[in-house]
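# Descriptive analysis of the structure
Next come the chains, spelled out residue by residue.
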Amino acid sequence: MSLQKEDLVNLALEVTGMTRERWNFILEEMKSDAKMNKIMREDWNAKPRDSEEAIREYYRTSDVWFVNTWNHGVGALLSMAAGQRGDMGGWCRKFAETLKAPGGRILDYGGGFFKDTWPLATAGYKVDVAEVRGPVTEFLKRFVALAH
C-alpha cells in the first residue's frame, strides 16, 4: 500500500481525536516559531507539571505537542512508507560503525516519528522507539501495520 501525506493526517486525526479544523489551526500557528512557542508554553502551563504522571499526561493529551512532533517526523514516515533508504552519511554512518551489524537493536528514546533514526531503520537496524504511551505510540503501531 502506498501511503500519502493525507493518509497520515487522517491516521493522526483518528489517534488524537482532533478535528480537521483543530489540526489545520495548529498547523497554521506553527508556521511562526513565536506563535508555536507561545501556544506550546500555554499548553504546558495550563496544568501543574510537578510530577512524573503530570508530565506524561501532557504528552498523552497535548494536541500542540503531537502536531509539532508529527511535523518533524512526517517526512521520515513518508520515505519509509515509500520504501526509500535514508542517507547513512554523517552521524548515522558514525553511529552504525559502532554497532555490530545491521539487524542490531537501537533505542530511539523520545524519537517521535523516526525523525532521526529512519535511515538506520531502513538499513536493517531494529529501532525501538521509546515514547510515552498515547497518541504517538498508537500512531506508530497503526503506521507499521499500514506500511507493511
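Here, every reference points to the structure presented above.
Let me sum up the structure you'll find in this document. Just so we're clear, the structure is a prediction, and the values are computed from it rather than from any experiment.

## Let's talk about the environment of Ala82
- One can find Ala82 in the loop between α5 (63-81) and α6 (90-97).
- Residue classification places Ala82 among the exposed residues on the basis of a relative accessible area of 53%.
- C-alpha separation for the pair Ala82 and Leu3, spaced 79 residues apart in sequence, amounts to 7.3 Å.

## Concerning the packing of aromatic side chains
- Inspection of every chain in the model, using the stated rule, returns 10 aromatic pairs.
- Note on Trp23 and Trp70: the rings are 5.0 Å apart at their centroids and 80 degrees apart in plane angle, and the pair reads as edge-to-face. With Trp23 in helix α2 (residues 20-29) and Trp70 in helix α5, this pair connects stretches of sequence that are 47 residues apart. Each member of the pair, Trp23 as well as Trp70, carries the same accessibility label: buried.
- Note on Tyr58 and Tyr59: the rings are 5.1 Å apart at their centroids and 80 degrees apart in plane angle, and the pair reads as edge-to-face.
- Exposure remark for Tyr58: the relative accessible area of 4% places this residue in the buried category.

## Regarding α5
- Of all the bends in α5, the largest measures some 50 degrees and sits at Gly73.
- Here α5 lies mainly inside the structure; 14 of its 19 residues are buried.
- Positive backbone phi, at 80 degrees, marks Gly83, one or two positions downstream of α5.

## Brief notes about the pattern of salt bridges
- Tallied over the entire structure, the rule returns 16 salt bridges.
- Among the salt bridges present, the one from Glu42 reaches Lys38, with a minimum N-O distance of 3.3 Å. Placement of both Glu42 and Lys38 in helix α3 (residues 33-45) is noted, with a separation of four residues, approximately one turn of the helix.
- Assessed through its relative accessible area of 41%, Glu42 is described here as partly exposed.
- Residue class for Lys38 comes out partly exposed when judged on its relative accessible area of 42%.
- Between Glu57 and Arg49 there is a salt bridge; the shortest N-O distance is 2.7 Å.
- Ionic contacts of the salt-bridge type, sharing partners, join the residues Glu14, Glu138, Lys141 and Arg142 into one network.

Analysis parameters
- Residues numbered from 1 in each chain as written.
- Predicted model: local features only at pLDDT ≥ 70, side-chain atom pairs only at ≥ 80, totals over all residues.
- Heavy atoms only, no water.
- Helix = DSSP H or I, 4+ residues; strand = E, 2+ residues; numbered from the N terminus.
- Buried < 20%, exposed > 50% of the residue type's maximum accessible area, 1.4 Å probe, protein only.
- Phe/Tyr/Trp six-rings, centres within 6.5 Å; stacked < 30°, edge-to-face > 60°.
- Bend = angle between axes of the 7 residues up to and from the residue.
- Salt bridge = Lys/Arg side-chain N within 4 Å of Asp/Glu carboxyl O.

Everything listed is a geometric property; what it means functionally is a separate question.
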